[in-house]
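Results of the structural survey
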Amino acid sequence: MTYAFMQHYWWFLVSLLGALLVFLMFVQGANSMIFSLSSDETERKMLINSTGRKWEFTFTTLVTFGGAFFASFPLFYSTSFGGAYWLWMIILFSFVLQAVSYEFQNKLGNIFGPRLFQWFLIINGIVGPLLLGGAVATFFNGSNFVIDKDNIIDSMQPIISRWANDSNGLDALLDPWNLIFGLSVFFLARMLGVLYIINNVADDQLRANARKALVGATITFLVLFLAFLVRTLLKDGFAYDPATGVVFLEPMKYLHNLLDMWYVLIVLLAGVVALLYAVVRTVREADYIKGIWPAGIGVVLVVLCLLLCAGWNNTAYYPSNADIASSLSIVNSCSSEFTLRTMTYVSFIIPFVLAYIVYAWWSIDKKKIDREEIASDDHAY
């Protein structure tokens, strides 16, 4: 295992975690429609209990994603999480609201009533995917930061990275293309959310409402995502010379990446087909309830390929709009060879962890949620 191989390997693992996180945001997508999908209190409880059994998977994956980035590419972690901290703090705070809302909405002594905490779930369902999508979009559109490694010898202020303005990350929301991608992730989460509800909740009315919502969410997602994808493939991208490390703008860089890495393009197209297959079959067949699985696989493949396109093939995955020379790549922002090698050995246990997650998921979902269970379960959310 060469140093270069491990750099690419860990970008693949981080990208895979990011792709899994986007899939697991079906929790946020379903929560954003708590009131629009449900027509009575029982349906609302069924929906909340359905997502309430999975929110830990999403939160844990978010934390693991951040931890993997910190360990493998620490300069990105210190630059983005340290410089753009307002953006990340709002994201994390919305997830904290989610956790609190599940646990306290029906607790004895709740003087605010369950409705307030249900609105907190909706806030997380909107803010979480929107801002996470906006943050990921900066991998293609750039952020405003400056890196000066010479500052490490400054005993008074040994800070090598800083944000170039006082917004601390909120300026990402001023780029309309970041917002477009954030909105596309939001509507993708809603698509996955309704597909999950259709699969997990055994209620004809709720499933019918979900199928209606699926059509609108899919059309909106496709319009937003295709607009962002076409623009990204045709615009200048941030490349670097592997011999010198110099970062420069290359016309249609991300399109060139897909053409050079043809295997990534094939996987991307396979993911798109799987997602569209799940949506079309779910809408056309009233008795088909397993759309979440081909859709989930498709989303993981598509997001994985997008992130690989942002970091592989001599591409700066975190471009700087303030100073192009400060742009980060998997080469200039990674951990030491010893650290990556040690982490690589540890990563071999990941398949066992995934197997446990699959088993836990299967155990939780052995029985579909229905009205009878909600009425008889004293421990329901």
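Look up: the structure comes first, before these words.
Everything quoted here is computed from the prediction, not taken from an experiment.

**Quick notes on the packing of helix α9 (residues 176-200) against helix α13 (residues 292-311)**
In the contact formed by α9 and α13, the axes pass within 9 Å of each other and the chain directions differ by 150°. By the criterion of interaxial angle, the relationship of α9 to α13 is roughly antiparallel. Here the hand of the crossing between α9 and α13 comes out left-handed. In contact with L188, L192, L195, Y196 and N199 of α9, α13 contributes I292, W293, A295, G296 and V299. Considering only residue class, the contact of α9 with α13 consists of eight nonpolar, two polar and no charged.

**Comments concerning helix α5 (residues 55-72)**
In this model, α5 (18 residues) spans 26 Å end to end at C-alpha, consistent with the 26 Å of a helix rising 1.5 Å per residue. For α5, every residue scored as buried is listed here: W55, F57, T58, T61, L62, F65, G66, A68, F69 and S72. Viewed end-on, α5 has its buried residues packed into an arc of 165°, placing them on one side of the element.

**Some points on unusual backbone geometry**
Look at N313: it is not a glycine, yet its phi comes out positive at around 60°. For N313, the location among the structural elements is in the loop between α13 and α14 (337-346). Phi is positive for N314, which is not a glycine, with a value near 55°. For N314, the position within the fold is in the loop between α13 and α14.

**A look at the packing of helix α10 (residues 204-234) against helix α12 (residues 262-284)**
When two helices pack together, their arrangement is given by the angle between the helix axes and by the axis-to-axis distance. Remark: α10 packs on α12, axes separated minimally by 10 Å, with the N-to-C direction vectors making an angle of 150°. Classified by the angle between their axes, α10 and α12 sit roughly antiparallel to one another. Note on packing geometry: the crossing formed by α10 with α12 is left-handed. Residues R211, L214, V215, T218, F221 and L222 of α10 form the contact with α12, whose participating residues are L275, L276, V279, T282 and V283.

Rules and cut-offs
Residues numbered from 1 in each chain as written. Predicted model: local features only at pLDDT ≥ 70, side-chain atom pairs only at ≥ 80, totals over all residues. Heavy atoms only, no water. Axes fitted to C-alpha atoms, helices over the stretch in contact; angles between N-to-C directions. Helix = DSSP H or I, 4+ residues; strand = E, 2+ residues; numbered from the N terminus. Parallel < 35°, antiparallel > 145°, perpendicular 65-115°, else oblique. Left-handed = near helix turned anticlockwise from the far one by under 90°. Contact = heavy atoms within 4.5 Å. Nonpolar A, V, L, I, M, F, W, Y, C, P; charged D, E, K, R; others polar. Expected span 1.5 Å × (residues − 1). Buried < 20%, exposed > 50% of the residue type's maximum accessible area, 1.4 Å probe, protein only. Arc of directions from axis to C-beta.

In short, the description is geometric, and any link to function would need to be established separately.
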